[in-house]
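So the chains spell out like this:
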Amino acid sequence: MMKGLKKWRLFSLLTALTVFLSGCGEEHLSTLTPAGQVGRDQLDLMLLSTGIMVLVIIVVMIVYVLAIVKFRRSKVGEHVIPKQVEGSHKLELIWTIVPIILLLILTVPTVVSTYKLADVSGMDAVDAKGNKTAVTVNVKANLYWWEFEYPDLGIVTSQELVVPTQEKVYFNLKAADVKHSFWIPAAGGKMDTNVENLNTFYLTFDNPSDSLEDGVFYGKCAELCGPSHALMDFKVRSLDRDDFDAWVADMKASKAEETPEGDVAQQGQEIFNTSCIACHAVSGAGTTGGVGPNLATFGDRNRVAGFMEKTDENVKAWINDPEEHKPGNLMPQPEDLPNRNGKELTDQELTALTEYLMGLSVED
């Protein structure tokens, strides 16, 4: 008797926790608060499948409870055996036809949505002048960072994806090293990035992201790819089309040879040009960002290395020892660079380099 009570108490506790946990979704990171039509379509499928499962559970529980109540020993006696139903054609038809109907109810909208969401023909649409009308982003997943190239716009960035609202944004997904998975929970389902083949899909965003808590949607790698898989984050900013076009223009106008303001930042630029320029680009114009992430928008981002709070101290800590913060990443220690000859960066050099990187902006 006591064991039965404990089981029911546990069940009640789990039910209560489920209700409370359902309110833990964040708008910038939750599939339950979709940011666009793709997310809404997928949420509808989730609700449909969940509803079918709940319906089946309820029916089974009702049958189970009725059987217990009707045929309990205290009511019918110790030696009464209920009428057996094996060989009943009526019951066999019911539990064969009903699952088929439920599967059809789930299958039809799932197949329709799958083909709808896989249609990327709009990626190649052009206007009267032959220019592409849709925004296409080539996504390259690396250990453990993301590169975003806009091939039709001639710009490239990393770690922070910028997209226009109220239109389809198309993605070409590829991995540079091992399998990763591109996922913006609030915008739509995940899609693998493979080394050997290209995956394509599209997402939509209804509104600008500046109203969100951090002004961005959060993106994740959803495929276990190594020791820093959990730290392979990126951010997504959605802008009105006019603001997006202005951002593109600013990216095209960014120049690698621009001299920063202030003696400290200029000293940092000199250190960067002798130690970091071989791997990192600082211009948004072009088709590739280099071996490492493109840093043209470093000062505009809200995170360091995709996950650390954006502070001077965290920038210094990341530069000085990237392996400590993201194990397995390919960024070398400063003393391992060819021109450093085993010498670590001094506090003054770290301060200057941080000042320079924080000043890399296409928005100010």
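What this report covers is the structure whose coordinates are included nearby. Predicted model, so just to flag it, every value in this text is computed and none were measured. (Residues numbered from 1 in each chain as written. Predicted model: local features only at pLDDT ≥ 70, side-chain atom pairs only at ≥ 80, totals over all residues. Heavy atoms only, no water.)

## Some words on the overall build of the protein
Right, so step 1: Helix and strand counts for the protein stand at nine helices and twelve strands.
Right, so step 2: Since a compact globule built from 364 residues should have a radius of gyration of about 21 Å, the 28 Å found for the protein marks it as more spread out than a globular shape.
Right, so step 3: Overall size of the protein, expressed as C-alpha extent along the three principal axes, is 95 × 60 × 40 Å.
Right, so step 4: Pairs at least 24 apart in sequence give 64% of the contacts found in the protein among residues at least 6 apart.
Right, so step 5: With 32 positive and 49 negative side-chain charges, the protein shows a separation of 16 Å between the mean positions of the two kinds. (Helix = DSSP H or I, 4+ residues; strand = E, 2+ residues; numbered from the N terminus. Rg over C-alpha atoms; globule rule 2.2 N^0.38 Å. Contact = heavy atoms within 4.5 Å. Lys, Arg positive; Asp, Glu negative; His and termini not counted. Charge placed at Lys NZ, Arg CZ, Asp CG, Glu CD.)

## What to know about the packing of helix H2 (residues 37–70) against helix H4 (residues 89–117)
Right, so step 1: The contact between H2 and H4 brings their axes to 11 Å, and the two run at 165°. Classified by the interaxial angle, the pair formed by H2 and H4 is roughly antiparallel. For the pair H2 and H4, the crossing hand works out as left-handed. Contacts between H2 and H4 involve Val-38, Asp-41, Gln-42, Leu-45, Leu-48, Ser-49, Ile-52 and Val-56 on the former and, on the latter, Leu-102, Ile-105, Leu-106, Pro-109, Thr-110, Ser-113, Lys-116 and Leu-117. (Axes fitted to C-alpha atoms, helices over the stretch in contact; angles between N-to-C directions. Parallel < 35°, antiparallel > 145°, perpendicular 65-115°, else oblique. Left-handed = near helix turned anticlockwise from the far one by under 90°.)

## Some details on the sheet that holds strand E7 (residues 191–193)
Right, so step 1: In spatial order, the strands read E4-E10-E9-E6-E7; together these five strands make up an open sheet with mixed pairing. The sheet is open, and its two edges are formed by strand E4 (160–164) and E7, each paired on a single side. Looking at each pair of strands side by side, their axes are set apart by 30° on average, direction ignored.
Right, so step 2: Two strands pair when backbone bridges link them, and strand E9 (residues 217–221) and strand E10 (residues 234–239) are joined in this way by three bridges, in the antiparallel orientation. Its bridge partner lying in E10, Phe-217 is registered against Val-236. (Pairing = 2+ DSSP bridges.)

## Looking at the layout of surface pockets
Right, so step 1: The computed volume of the largest pocket comes to approximately 700 Å³.
Right, so step 2: Sorting the residues of the lining of the largest pocket by element identifies helix H6 (263–275), helix H7 (312–320) and helix H9 (347–358) as the ones contributing at least two each.
Right, so step 3: In terms of residue count, the dominant contributor to the lining of the largest pocket is H7 (three residues).
Right, so step 4: Counted by class, the lining of the largest pocket contains 24 nonpolar, seven polar and four charged residues.
Right, so step 5: Taken as a whole, the second largest pocket encloses approximately 400 Å³ of empty space.
Right, so step 6: Forming the walls of the second largest pocket are 20 residues, and the residues nearest its centre are Glu-258, Pro-260, Gly-359, Leu-360 and Ser-361.
Right, so step 7: Contributing elements (two or more residues each) for the lining of the second largest pocket: helix H5 (241–253), H6 and H9. (1 Å grid on protein atoms, 1.4 Å probe; cavity = no way out; pocket = protein on both sides within 12 Å on 5 of 7 lines; lining within 4 Å. Points joined across faces, edges and corners; volume = space filled by probe spheres on them. Nonpolar A, V, L, I, M, F, W, Y, C, P; charged D, E, K, R; others polar.)

## Points about the packing of aromatic side chains
Both the distance between ring centres and the angle between the ring planes are used here to describe each pair of aromatic rings.
Right, so step 1: Counted by the stated rule, this structure contains 13 aromatic pairs.
Right, so step 2: Here Tyr-170 and Tyr-202 contribute two aromatic rings whose centre-to-centre distance is 5.8 Å and whose plane-to-plane angle is 55°, an arrangement assigned as tilted. Remark: Tyr-202 occurs in strand E8 (residues 199–204) and Tyr-170 occurs in strand E5 (residues 168–175); sequence separation between them is 32 residues.
Right, so step 3: With relative accessibility at 5%, the residue Tyr-170 sits in the buried group.
Right, so step 4: Residue Tyr-202 is classed as buried on the basis of its relative accessible area, which comes to 4%.
Right, so step 5: With a centroid separation of 6.2 Å and an interplanar angle of 85°, the aromatic rings of Phe-182 and Phe-201 are classed as edge-to-face. Placement of the pair is Phe-182 in strand E6 (residues 180–183) and Phe-201 in strand E8, with a sequence separation of 19 residues.
Right, so step 6: Through successive ring pairs, a cluster of aromatic residues spans Trp-146, Phe-148, Phe-171, Phe-182, Phe-201 and Phe-234.
Right, so step 7: Note that Lys-190 overlies the ring of Trp-183, its terminal NZ or CZ placed 4.5 Å from the centroid. (Phe/Tyr/Trp six-rings, centres within 6.5 Å; stacked < 30°, edge-to-face > 60°. Buried < 20%, exposed > 50% of the residue type's maximum accessible area, 1.4 Å probe, protein only. Lys NZ or Arg CZ within 6 Å of the ring centre and 35° of its normal.)

## Thoughts on a nonpolar patch on the surface
Right, so step 1: Taken together, the side chains of Ile-57, Met-61, Tyr-64, Val-65, Ile-68 and Val-69 make up a nonpolar region of the molecular surface, amounting to roughly 550 Å² of accessible area.
Right, so step 2: Its location among the elements puts Val-69 in helix H2.
Right, so step 3: The partly exposed category is assigned to Val-69, whose relative accessible area is 43%. (Patch = residues over 30% accessible without salt bridge, like charges linked within 9 Å, V, L, I, M, F, W, Y side chains within 5 Å. Areas by Shrake-Rupley, 256 points an atom, 1.4 Å probe, with all protein chains shown as cover. Salt bridge = Lys/Arg side-chain N within 4 Å of Asp/Glu carboxyl O.)

## Looking at H9
Right, so step 1: A rise of 1.5 Å per residue sets the reference length of H9, with its twelve residues, at 16 Å; its end C-alpha atoms lie 16 Å apart and thus fit the reference within 8%.
Right, so step 2: For H9, the complete set of buried residues consists of Glu-349, Leu-350, Ala-352, Leu-353, Thr-354, Tyr-356 and Leu-357.
Right, so step 3: Looking at the buried side of H9, the elements it contacts are H6 and H7. (Expected span 1.5 Å × (residues − 1).)

## What to know about the sheet that holds strand E2 (residues 145–150)
Right, so step 1: In spatial order, the strands read E3-E2-E1-E5-E8; together these five strands make up an open sheet with mixed pairing. Strands with a single pairing partner mark the edges of an open sheet, and in this sheet they are strand E3 (155–158) and E8. For this sheet, the mean angle separating the axes of adjacent strands, direction not counted, is 25°.
Right, so step 2: Where E2 and E3 come together, four bridges link them in antiparallel fashion. Within the sheet, the bridge partner assigned to Phe-148 lies in E3 and is Thr-157.

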